[in-house]
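The primary structure of each chain is shown beneath.
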Amino acid sequence: MRNLISEPQTRRPKYRDSFSIEGIQAGLKTRLFGKGPIYFYETIESTNVEAKRLAGAGLPEGALILAESQSRGKGRMERRWASPKGGGLYLSVVLRPDIMPQEVQKLTFVAAVALACTLRELDVQPQIKWPNDILINGRKVAGILMELTGGSESVDFVILGIGLNLSRSMKEFPRSIQDQAASVNMAAGRSIDRRKIIQVLLLQIEVWYELFLRGSFESILEVWRMFADMLGARVRVILSEGSMEGTAEDVASDGSLMVRDDKGTIHRVIVGDVVRCRPV
Ligand code: BTN
């Protein structure tokens, strides 16, 4: 059962710390994002699923869906995103871009740059692993799941879902990812205020999203490259039909990763998992 902490202008938030709808909106510097409806749940299946439901019923661009925990948080490639209470930030934002469905993949780069710039503004130095995992010291601290609803020729809306490991200790991660994951607080060596992160993040999303809508994807990719952790490195590309190794040369203007194999052939990776090869 969904447990709604607060709806905009209808009930007062149950939580009195600054991580409440009122707290987030107070001092928010955005024009639109987070200024309209914010839905805040104590626990929910997935903020992306809920955002999709609400957006289907007309929720406007910039609306925010937040949860303290998720019972079935969704990750990329049909994976789960473990979402315990108190361990992280789980949020989804509604976007209604006037673009073709083929362009939506580019928004994952917009979101990755927004998230990386957010962490940098909070004095943490992140890297981006293609296409949009956020790492600190080589360990994943955040992931982005973008989901599109629309037809073959049009986009109704896009749900931008972000999961950020904030304060989970190593023991709290599933054993299978303990050597790959980290929390922002752990990496920063201090506790970062959740409200501050959301406020900075909403502003960064708005800024980079508006730049994208004005046609400046190339300049967003330039910033993405500055954060990229694997350009020039030897990588393994894991695809459903097998894997290959090569050098990650660059990202193309459509966001695909260009990998040169040992025979010199360039492969464009559109979807898949890419990992750095360990030096022998
Ligand atoms: C990834 O696999 O790297 C993407 C993870 C995205 C998780 C976030 S948490 C908030 C939003 N709701 C979901 O169910 N998933 C995304």
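Residues numbered from 1 in each chain as written. Predicted model: local features only at pLDDT ≥ 70, side-chain atom pairs only at ≥ 80, totals over all residues. Heavy atoms only, no water.

Describing the overall build of the protein chain
Looking only at helices and strands, the protein chain features six helices and 13 strands. A compact globule built from 280 residues should have a C-alpha radius of gyration of about 19 Å, and the protein chain, at 18 Å, falls within 12% of that. Considering only C-alpha atoms, the protein chain reaches an extent of 65 × 45 × 35 Å along its principal axes. Burial status across the protein chain gives 53% buried among its 280 residues. (Helix = DSSP H or I, 4+ residues; strand = E, 2+ residues; numbered from the N terminus. Rg over C-alpha atoms; globule rule 2.2 N^0.38 Å. Buried < 20%, exposed > 50% of the residue type's maximum accessible area, 1.4 Å probe, protein only.)

Remarks on the nonpolar core
Leu107 and Trp224 are the most contacted members of the largest nonpolar core, which has 72 residues in total. Sort the elements by how many residues they give to this core and helix H3 (residues 106–121) lands first, with eleven residues. For Trp224, the contacting residues outside a window of four places in its chain are Phe109, Ala112, Val113, Ile128, Trp130, Pro131, Leu231 and Val251. Ranked by size, the runner-up nonpolar core spans 13 residues in total, among them Tyr39, Ala55, Ile65 and Val94. (Core = buried A, V, L, I, M, F, W, Y, C linked by side-chain atoms within 4.5 Å. Contact = heavy atoms within 4.5 Å.)

Considering the confidence of the model for the protein chain
The predicted model of the protein chain has a mean per-residue pLDDT of 91, with 93% of residues at 70 or higher. Of all secondary-structure elements in the protein chain, the lowest mean pLDDT belongs to strand E1 (residues 3–6), at 57, while helix H2 (residues 47–56) reaches the highest, 98. Segment residues 8–16 is flagged for pLDDT under 50; beyond a separation of four residues in sequence, or across chains, it makes 21 contacts in the model. (pLDDT = per-residue confidence, 0-100.)

Brief notes about helix H5 (residues 194–213)
Since the α-helix turns once every 3.6 residues, residues separated by three or four places project in the same direction. Counted at 1.5 Å a residue, the expected span for H5 with its 20 residues is 28 Å, and the 28 Å between its end C-alpha atoms agrees. Within H5, 14 of the 20 residues are buried, which leaves the element mostly enclosed by the surrounding structure. Two residues or fewer after H5 comes Gly215, characterised by a positive phi angle close to 90 degrees. (Expected span 1.5 Å × (residues − 1).)

Describing the side chain of Ser256
For Ser256, the location among the structural elements is in the loop between strand E10 (242–251) and strand E11 (257–260). Polar contacts involving the side chain of Ser256 include one to the side chain of Asp254, which spans 2.7 Å. Here Ser256 is in contact with Trp130, Asp250, Val251, Arg268, Val269 and Ile270, once residues within four sequence places are set aside. (Polar contact = N/O pair within 3.5 Å; in protein donor to acceptor, adjacent residues only side chain to side chain.)

As for the site of the ligand
The immediate surroundings of the ligand are formed by 20 residues, with Ser46, Gln70, Lys74, Arg76 and Lys140 found nearest. Contact distances for the ligand include 2.7 Å between an oxygen atom and a backbone N or O atom of Arg76. When the ligand sits alone it has 420 Å² of accessible area, and the protein chains cover 98% of it. Elements represented by at least two residues in the shell around the ligand include exactly H2, strand E4 (88–95), strand E7 (139–150) and strand E8 (155–165). No other element matches the four residues that E7 contributes to the shell around the ligand. Within the shell around the ligand, the residues separate by chemical class into six nonpolar, ten polar and four charged. (Near = heavy atom within 4 Å. Areas by Shrake-Rupley, 256 points an atom, 1.4 Å probe, with all protein chains shown as cover. Nonpolar A, V, L, I, M, F, W, Y, C, P; charged D, E, K, R; others polar.)

What to know about the pattern of salt bridges
By the definition in use, this model includes 17 salt bridges. Salt-bridge contacts for Lys74 lead to Glu147; the nearest nitrogen and oxygen are separated by 2.7 Å. Of this pair, Lys74 sits in the loop between strand E3 (64–70) and E4 while Glu147 sits in strand E7, and the two are 73 residues apart along the sequence. Judged by relative accessible area, Lys74 falls into the partly exposed class, the value being 33%. The exposure class assigned to Glu147 is buried, which follows from its relative accessible area of 14%. A salt bridge links Lys140 to Asp133; the nearest nitrogen and oxygen atoms lie 3.0 Å apart. What makes Asp133 buried here is its relative accessible area of 6%. Each of Arg234, Arg236, Glu245 and Asp262 takes part in one network of salt bridges that share partners. (Salt bridge = Lys/Arg side-chain N within 4 Å of Asp/Glu carboxyl O.)

Overview of the environment of Ile136
By secondary structure assignment, the location of Ile136 is in strand E6 (residues 133–136). Overall, the relative accessible area of 5% leaves Ile136 in the buried class. Here the alpha-carbon distance between Ile136 and Asp229, two residues 93 residues apart in the chain, equals 9.9 Å.

Details of the environment of Tyr39
Position of Tyr39 relative to the elements: it lies in strand E2 (residues 38–44). For the pair Tyr39 and Ala67, spaced 28 residues apart in sequence, the C-alpha to C-alpha distance is 8.3 Å.

Focus on the packing of aromatic side chains
Evaluation of the coordinates by the stated rule reveals five aromatic pairs. With 6.1 Å between their ring centres and 85 degrees between their planes, Phe109 and Phe217 make a pair best called edge-to-face. Of this pair, Phe109 sits in helix H3 while Phe217 sits in helix H6 (residues 217–227), and the two are 108 residues apart along the sequence. A residue is classified by how much of its surface remains accessible, and Phe109, at 0% relative accessible area, is buried. Phe217 gets classed as buried once you look at its relative accessible area, which sits at 6%. Among the aromatic residues, ring-to-ring pairing joins Phe109, Phe212, Phe217 and Trp224 into one connected group. (Phe/Tyr/Trp six-rings, centres within 6.5 Å; stacked < 30°, edge-to-face > 60°.)

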